Amino acid sequence: MTVLIVLIALLFCGCQAVMLNGAEVPATLRAPLLERPADPALPPWLEQRPKLFEFSSWDQSYLRNDPYPARLLGGMAVGNGQVFALEGLSLPLDTLHNVAGPDYQLESRFFSDIVLELRRGLRRVHWERQRIRRVAGTAVNVIDRSRDGLSLYSIDFAPRGAMIEGSAAQRCLVRLSVVHNNGPQAVDDLELELRSVLGSSSDELIVERIEGTGRNLAIGTNAHPLRCRSRDGVLRVRVGDLQPGEQFICAFFISFADGSDARTVLRQALQSDPEALLSATIDDWRSWMAAGAQVRTSDQRFDELLEALLVAIRVQTASSGAVCEMSRYSFTWLRDIMGPALLYPLLGRIDEYRAMLDYYWLAALDNGGTANALPINVAGLPKAQPDWESLPTGSGREAAESVSYAVLHYREYVQASGDWELLRQRYGMLRHALIHQDLRHGCLLPFSDDETFRGSLAAAQGIWAGSGLRETHLSANSSFLFVAAAQFMERAALELDLPEHAAQYRRLADDVRQCTERFYWLSDERCYSPALKIDSLQPLDEPFVDVTLKPLWCGYLDRDDPRAYTNLESIIELLPAHRGLVYSPLHPYYQALAGLMGFHRGICTGMSYGFYLDNLAQLDHPQAEALFAGYSEFFHPTGTVSEYHVVDDFGRLVYRYDDQGVQTDQTAAYRSWEAGVDAAAMLRYLFGLELDAPRGRIVVAPHLPAGMDFARLEGTSCGATRFDLAIERLPQGLRVVISGLDGPLSVDARLSLAGPIDELLVNGRPLLAPSVNKWDRWSMRTAGLSAGPDTPLTIEVRSHLDLNY
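Residues numbered from 1 in each chain as written. Predicted model: local features only at pLDDT ≥ 70, side-chain atom pairs only at ≥ 80, totals over all residues. Heavy atoms only, no water.

A. Examining the layout of surface pockets more closely. Quantified by volume, the largest pocket comes out at close to 1,100 Å³. For the largest pocket, the lining is made up of 41 residues, of which Arg411, Gln415, Arg559, Arg684 and Glu690 are closest to its centre. Class assignment for the residues of the lining of the largest pocket results in 21 nonpolar, five polar and 15 charged. (1 Å grid on protein atoms, 1.4 Å probe; cavity = no way out; pocket = protein on both sides within 12 Å on 5 of 7 lines; lining within 4 Å. Points joined across faces, edges and corners; volume = space filled by probe spheres on them. Nonpolar A, V, L, I, M, F, W, Y, C, P; charged D, E, K, R; others polar.)

B. Structural detail: the sheet that holds strand β6 (residues 97-100). Strand order in this open sheet of three strands is β4-β5-β6, and the pairing throughout is antiparallel. At either end of the open sheet lies a strand with only one pairing partner, and these are β4 (76-79) and β6. Here the strands of the sheet are splayed against their neighbours by 15 degrees on average, with no regard to which way each runs. Here two bridges tie strand β5 (residues 84-87) to β6, and the two strands are oriented antiparallel to one another. From the neighbouring strand, Leu86 faces β6, where its bridge partner is His97. (Pairing = 2+ DSSP bridges. Helix = DSSP H or I, 4+ residues; strand = E, 2+ residues; numbered from the N terminus. Axes fitted to C-alpha atoms, helices over the stretch in contact; angles between N-to-C directions.)

C. The arrangement of empty space enclosed by the protein in detail. Inspection of the entire model under this criterion finds ten cavities of 30 Å³ or more. Counted as a void, the largest cavity has a volume near 110 Å³. The wall of the largest cavity is formed by 13 residues, among which Glu625, Tyr685, His703, Leu704 and Arg777 lie closest to the centre. Classifying every residue of the lining of the largest cavity by side-chain character gives seven nonpolar, three polar and three charged.

D. Region of the structure containing the pairing of strand β10 (residues 141-147). Along β10, five of the seven residues are buried, which leaves the element largely enclosed by surrounding structure. Summarising the sheet, strand β9 (residues 129-134) and β10 pair through six bridges and their orientation is antiparallel. In the sheet register, Arg131 faces β10, and the bridge partner there is Asp144. The turn joining β9 and β10, which pair antiparallel and follow one another in sequence, is formed by six residues; a positive phi near 75 degrees is taken by Gly137. (Buried < 20%, exposed > 50% of the residue type's maximum accessible area, 1.4 Å probe, protein only.)

E. Quick look at unusual backbone geometry. For the bond running from Gly101 to Pro102, omega is 0 degrees, close enough to zero to count as cis. Along the chain, the position of Pro102 falls in the loop between β6 and β7 (114-120). Cis rather than trans, the peptide bond between Gln666 and Thr667 has omega equal to 5 degrees. Relative to the assigned elements, Thr667 resides in the loop between β32 (665-666) and α22 (673-687). Even without a glycine there, the phi angle at Thr664 is positive, about 60 degrees. Note on placement: Thr664 falls in the loop between β31 (656-657) and β32.

F. Broad picture of the sheet that holds strand β37 (residues 733-739). Read across the sheet, seven strands follow the order β20-β35-β36-β37-β43-β39-β40 without closing on themselves; strand pairing throughout is antiparallel. Only two strands of the sheet have a single partner each, and these edge strands are β20 (294-297) and β40 (765-767). The mean angle between the axes of side-by-side strands here comes to 20 degrees, regardless of whether they run parallel or antiparallel. Across six bridges, β37 lies against strand β43 (residues 793-798) in antiparallel orientation. The partner of Ile738 across the bridge, within β43, is Leu793.

G. Looking closely at the packing of helix α13 (residues 476-495) against helix α14 (residues 499-520). Orientation of α13 relative to α14, taken along the N-to-C sense of each, is 155 degrees, at an axis distance of 8 Å. When the interaxial angle is binned, α13 and α14 end up roughly antiparallel. When the axes of α13 and α14 are compared, the crossing they make is left-handed. Of α14, the residues touching α13 (which contributes Ala476, Ser479, Phe480, Phe482, Val483, Ala486, Gln487, Met489, Glu490, Ala493 and Leu494) are His501, Ala502, Tyr505, Arg506, Leu508, Ala509, Val512, Arg513, Thr516 and Tyr520. Of the residues in the contact of α13 with α14, the class split is 14 nonpolar, four polar and three charged. (Parallel < 35°, antiparallel > 145°, perpendicular 65-115°, else oblique. Left-handed = near helix turned anticlockwise from the far one by under 90°. Contact = heavy atoms within 4.5 Å.)

H. Structural detail: the confidence of the model for the chain. Averaged over every residue, the pLDDT of the chain is 93; the share at 70 or more is 94%. Note on residues 1-38: pLDDT is under 50 here. Beyond four places in sequence and across chains, it has 101 contacts. (pLDDT = per-residue confidence, 0-100.)

I. Seen up close, the pattern of salt bridges. Counted under the stated rule, the structure contains 65 salt bridges. Put simply, Asp94 and Arg175 hold a salt bridge, and the shortest N to O gap is 3.8 Å. Here Asp94, found in the loop between β5 and β6, pairs with Arg175, found in strand β12 (residues 172-181); they are 81 residues apart in sequence, far enough to count as distant. Judged by its relative accessible area of 0%, Asp94 is buried. In this structure, Asp366 and Lys383 form a salt bridge, with 3.4 Å as the shortest nitrogen-oxygen distance. Of this pair, Asp366 sits in helix α7 (residues 350-367) while Lys383 sits in the loop between β22 (373-374) and α8 (402-417), and the two are 17 residues apart along the sequence. Classification of Lys383 by relative accessible area gives partly exposed; the value is 47%. Shared partners join several salt bridges into a network, and the residues in it are Glu87, Asp94, Glu117, Arg124, Arg145, Asp156 and Arg175. (Salt bridge = Lys/Arg side-chain N within 4 Å of Asp/Glu carboxyl O.)

J. Region of interest: the packing of helix α4 (residues 274-291) against helix α5 (residues 300-314). In contact at an axis separation of 12 Å, α4 and α5 are set at 110 degrees when each is read in the N-to-C sense. Judged by the angle between their axes, α4 and α5 are roughly perpendicular. α5 is crossed by α4, and the crossing has right-handed handedness. Listed contacts from α5 to Asp284, Trp285, Trp288 and Met289 of α4 are Glu307, Leu310, Val311 and Arg314. Along the lines of polarity and charge, the residues of the contact of α4 with α5 split into five nonpolar, no polar and three charged.

K. Examining the side chain of Arg133 more closely. Inspection of the secondary structure puts Arg133 in strand β9. A distance of 3.0 Å separates a polar atom in the side chain of Arg133 from a polar atom in the side chain of Asp144. (Polar contact = N/O pair within 3.5 Å; in protein donor to acceptor, adjacent residues only side chain to side chain.)

Here it is as structure tokens:
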């Protein structure tokens, strides 16, 4: 994404509203949590299936007479690792967009949009109300439209489950459509119309092919053949007349193939019972949800947000095991794996996280080396390792930045699992990722020019967004990541008995750190600059959220480093905040043109929330509470997060919607990298949990925001030891309980209150510890406490004040 393209597009289009599917996109207030209703307006088919009414509260509605900008539409997705589509991003809300199959890998383009309409005679029904909801714990979406007692429901899913594995149905998206007349009068001459934007008709079906590839899709229905006809890329299903209370039900199957005929897959899939597929899919999703650690708090909406972010990651994980970004990009990306790297171990999903690492290893061997992004459909046995030591210095997007993440992935894996053997096997790749970065002047690093934040950095600093930052600037972000990676590689080399390598990594870390502090630290502003000008080595003289907050987040700084505190204090002092989130405002060069898009404050990435909250939580800053408590302001109504947000209302930055599958979304709408970063930051705020499996140790540093009485993390693990972690509010303090252990753990704790701490108790016994006051929060620390199967651990801090927080 470049801001320049945004602004050129604006100048070209003038001040017109964003148009999706040929109509101005409105929206409305999000719908409240829907209990399973006893609603006579419901079609009988739905009334008899209560499982479909266990909805997440994160949903979105649209009222035709209450429009708002397209950027406020949040997306949902359906996918099973082989077939995928987004919806909720255009009208009608069940438009299938960014369609992929029979695997997730993008080739020349995605398939075009698939749109369902209902006609009455020659006229399309114009709906007064639309709503998209997700069945709780699943990626099954229910979209309904209504007008004057007439309703159309779409139940959309990608089949999953043991009974589906390997079948034709696994290569299909399925839509159950229900038309219902709840009005007092008969409605006549109804017809469902399904079209693919670039599709054509064939044998009463719709087909679409991606030129230059073997990929093709076919769309058909289980409706009676006499009701069906196809012409000009439109599949029509005759509904006929509906008397009051009557309904019509059919299923559409969208099948995919590569190198063969999708019509063959479709004919096989149509033999399946769509209801059985739906039931199996719901069961599979809920089994998956139950398999990981469970987060339960007194704030159900937060719990459901975390679930929505988990769905966003799993639904974008290919059957190969690769996590990817299906909105616009596809592929598996080194930096984007870092989202699950931070989140999955906290939730006991270490095996799933390892599968992502295993796949990247397979793809890197197939590629003959690491790459910023690799295809997600590599199959077969791993190729032989290249001679990592003799590979050249990285260039382009592998010169710096993303390759450091390759090392940090294994840092997170080792910390959660205690398993050094995997790193031993792949040590050559990780060594290459570090020592072959393109060091300038012996200690400075370039941009990769693929950093997610580079467009917003340009807009904030007044840099021409069409230029490559790699050609004009050096990157503080690359340096922070490099030092963190080098520090871990030193530790790894010592573990693997490679002292010469350890000494080399120590020198590299020291050299880059010294230059980072010399060139990027702004003495007057007391914070880090995001970049240096290549020609003069002069730093940009303003902080930037996504870079200046990176040192503590990635491990370049320790939380006890005074510079971490100073850096955060300066960010808060120097940058404006909106709804609790600091942001880098637009440079005057961009203000007027940005106004054409209807916003003025600025743009931020979907990770800005996570970076800021993580810094606040680690340093126990009181502003963390307001930022956490305001999570509903930042995330989309569907519980999702995008590549770029507009600060004014935190809607998605939208400057192009492509219904033909070439670019699909600019900027990307539905993200797994940002989902992992933000969810991990929220869990770090609540539990402050850090895993140190090699030492058999955990750290807890919990917080409970106002209005939340408890938070529980049940069934997570550190190495081979499973445990539960509970945080409970006391009238005048806080209690931490570590229980349910099946092995021993050492526990370090940092507990704080918004008032003086009078005592610290461990299993009911007072423990002497100093109390420290910072930012009007008092904290105490203790280390080396023991917990085990027969010795659960309870830690309390108490104040003589009624804190009422």
